[in-house]
Amino acid sequence: MRVAIVHDWLVNYGGAELFVEYLLKLYPQAEIFTLVHDKKKIGNHFQNNIIHTSKMQKLPKASKIYTKLLKFMPKAFESFDFTGFDLVISSSSSCAKGIITPPYVPHIAFIHSPMRYAWDLFFDYRKRSGKLTRFFMDRWMSQIRLWDYISSQRIDTIIGNSKYIARRIKKFWNRDAKVVYLPVDVSRFSPANCEKEDYYVAFSRLVPYKRMDLAISACLELRRKLVVIGGGSEFQNLQKLANGSPLIKFTGRASDEDLLSYLQKAKALIFCAEEDYGFVPLEAQACGTPVIAFGRGGATETVVDGVTGTFFERQETSSLCQGILKFEQMLENNVFKKENIVRHANSFSQERFQKEFLSIVDETIEKVKNSYK
């Protein structure tokens, strides 16, 4: 079977690119189609697969300026020819799902998120953008939304990575989506036979919507130790917020070994983002570490309140402080059992993902085949 995997872009390696590697375990000979490909940043990932890029690849500094070219992405993805393929799977949080396949070629779209900057976070992105960017957003975004909706109607089967994403797909595209949770890599994250230490950990890219500022401000207010792991555009702002306090430790980007050690020994992970899904809470739980999470988004589907963690209600320092104090009371009462936390994380296994995903593939292929009888 000749399979194509369509991905938004290959310019950094993150959760979405990890998903492509999960697909390649199922279809190792698949050809990859993407907007632009930065070989240096992607490294050895996908080196055994044929990679097709769009015409945007030929632009100077394409892998740096591609986000500024949203207006032209629909045409770029629609220009890919999938004649001769037996199955096309798109991995999309932007425009990859907008490809055009022949009617007899099944197209399954795995949606990490509908375009946030076109829909629910449009006004947030607009506020943070410069005058020129705002001008083009106001000029073009209605056209992008229209294309985004229309292109969603030609997908044979849509899969969301959480019920939260399925709800957004229904709201913006009026399409029903199946839900398949992404797996946690238990080969990288596992519990250790060690005592917990007296600190919390916050781990993510340091960008505004992750709200790492809440974790820092709450720990400063409560006089709790916090280890902040990650790098990004907010690094210096967060350091200023910490104001040199010995309570807050910044590690920058940590090695896999250091990250694992911090997660295994922490009292809990503090997770303040409203994520579409979010690998990090599951990675912490795979280490036997409970989670204090903002109670909205994908975390509500991967953290079990009172079993593997607890939630705070609002993205505010006072609300997180209440959540930390609630967690500590539960910790004193021995509510959280390491074996229960690990067992829950392990239920998000690669085996489960493969079984559920392949079942949908078979169902979609049969549906398309029957439509031509």
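Everything below is about the structure shown above.
As the structure is a computational prediction, the values presented were derived from the model and not from experiment. (Residues numbered from 1 in each chain as written. Predicted model: local features only at pLDDT ≥ 70, side-chain atom pairs only at ≥ 80, totals over all residues. Heavy atoms only, no water.)

Peer 1: Describe the environment of G230, listing the residues and the values that go with them.
Peer 2: Summarising the element assignment, G230 is placed in the loop between strand 9 (226-229) and helix 9 (235-242). Taking the C-alpha atoms as reference points, G230 and L206, separated by 24 residues in sequence, lie 6.1 Å from one another. Among residues more than four places away in sequence, those in contact with G230 are S204, L206, F235, T251, G252 and R253. (Helix = DSSP H or I, 4+ residues; strand = E, 2+ residues; numbered from the N terminus. Contact = heavy atoms within 4.5 Å.)

Peer 1: Account for the packing of aromatic side chains, with residues named and values stated.
Peer 2: If you walk through the whole model with that rule in mind, you get 20 aromatic pairs. Taken together, the aromatic side chains of F19, Y22, F110, F353 and F357 make up a single cluster linked through ring pairs. Geometry around F85 places R2 over its ring, the cationic atom sitting 3.9 Å from the centre. (Phe/Tyr/Trp six-rings, centres within 6.5 Å; stacked < 30°, edge-to-face > 60°. Lys NZ or Arg CZ within 6 Å of the ring centre and 35° of its normal.)

Peer 1: Could you give me a rundown of the nonpolar core, with the residues and numbers involved?
Peer 2: Among the nonpolar cores identified, the biggest contains 56 residues, and Y27, L269 and F357 are the most heavily contacted of them. It is helix 1 (residues 15-26) that provides the largest number of residues to this core, a total of seven residues. Judged by nonpolar contacts, the second largest core, of 40 residues, contains I99, W119, M141 and I144. (Core = buried A, V, L, I, M, F, W, Y, C linked by side-chain atoms within 4.5 Å. Buried < 20%, exposed > 50% of the residue type's maximum accessible area, 1.4 Å probe, protein only.)

Peer 1: So what about the pattern of salt bridges? Which residues, and what values?
Peer 2: With the rule as written, the count across this model stands at 17 salt bridges. As a salt-bridge pair, R314 and E316 come within 3.0 Å of each other at their nearest N and O atoms. Within the structure, one salt-bridge network assembled from shared partners comprises D198, R224, K267 and E328. (Salt bridge = Lys/Arg side-chain N within 4 Å of Asp/Glu carboxyl O.)

Peer 1: Describe the packing of helix 1 against helix 15 (residues 350-370), listing the residues and the values that go with them.
Peer 2: When two helices pack together, their arrangement is given by the angle between their axes and by how far apart the axes lie. Where helix 1 meets helix 15, the axes come as close as 11 Å, and the angle between the chain directions of the two elements is 70°. Relative to helix 15, the element helix 1 is oriented roughly perpendicular. In contact with F19, Y22, L23, K25 and L26 of helix 1, helix 15 contributes Q350, F353, Q354, F357 and L358. (Axes fitted to C-alpha atoms, helices over the stretch in contact; angles between N-to-C directions. Parallel < 35°, antiparallel > 145°, perpendicular 65-115°, else oblique.)

Peer 1: I'd like a rundown of the sheet that holds strand 10 (residues 248-252), residues and numbers included.
Peer 2: Judged by pairing direction, the sheet is parallel, and its six strands sit side by side in the order 10-9-8-11-12-13 without closing on themselves. At either end of the open sheet lies a strand with only one pairing partner, and these are strand 10 and strand 13 (309-312). Pairs of neighbouring strands in the sheet enclose a mean axial angle of 25°, with direction left out of account. Pairing of strand 9 with strand 10 involves four bridges; the strand directions are parallel. Pairing of L226 across the sheet is with I248, part of strand 10. Its contacts with the sheet place helix 10 (residues 256-265) against strand 8 (200-203), strand 9, strand 10 and strand 11 (268-271), and it is angled at close to 150° to strand 9. (Pairing = 2+ DSSP bridges.)

Peer 1: Describe the sheet that holds strand 2 (residues 31-34), naming the residues involved and giving the relevant values.
Peer 2: Strand order in this open sheet of seven strands is 3-2-1-4-5-6-7, and the pairing throughout is parallel. In this open sheet, the two edge strands, each paired with only one partner strand, are strand 3 (51-53) and strand 7 (178-179). In this structure, strand 1 (residues 3-7) lies alongside strand 4 (residues 87-92), joined through five bridges in parallel fashion. Within strand 4, the position partnered with H7 by the bridge is S91. Sheet contacts for helix 7 (residues 163-173): strand 5 (107-111), strand 6 (157-160) and strand 7; angle to strand 6, the most-contacted strand, approximately 135°.

Peer 1: Tell me about the state of the cysteines, residues and numbers included.
Peer 2: For the structure shown, the criterion picks out zero disulfides. Its sulfur unpaired, C219 is 8.1 Å from the next cysteine sulfur, which belongs to C321. Among the cysteines around C272, which has no disulfide bond, C219 carries the closest sulfur, lying 8.7 Å off. (Disulfide = S-S within 2.5 Å.)

Peer 1: So, unusual backbone geometry: which residues are in play, and what are the values?
Peer 2: A positive phi angle, close to 55°, is found at K61, a residue other than glycine. Mapped onto the elements of the fold, K61 is located in the loop between strand 3 and helix 3 (62-65). Among the residues examined, K61 registers a relative accessible area of 63% and is labelled exposed. Look at R211: it is not a glycine, yet its phi comes out positive at around 55°. Note on placement: R211 falls in the loop between strand 8 and helix 8 (212-222).

Peer 1: Give a detailed account of the side chain of D8, specifying residues and quantitative values.
Peer 2: Within the secondary structure, D8 sits in the loop between strand 1 and helix 1. Look at D8: it is buried, it has no salt bridge, and the nearest opposite charge is K97 at 8.3 Å. Of the polar contacts made by the side chain of D8, one reaches the backbone nitrogen of A96; its length is 2.9 Å. Look past the residues within four positions of D8 in its chain and what remains in contact with it is T34, L35, F77, S91, S92, S93, S94, C95 and A96. (Lys, Arg positive; Asp, Glu negative; His and termini not counted. Polar contact = N/O pair within 3.5 Å; in protein donor to acceptor, adjacent residues only side chain to side chain.)

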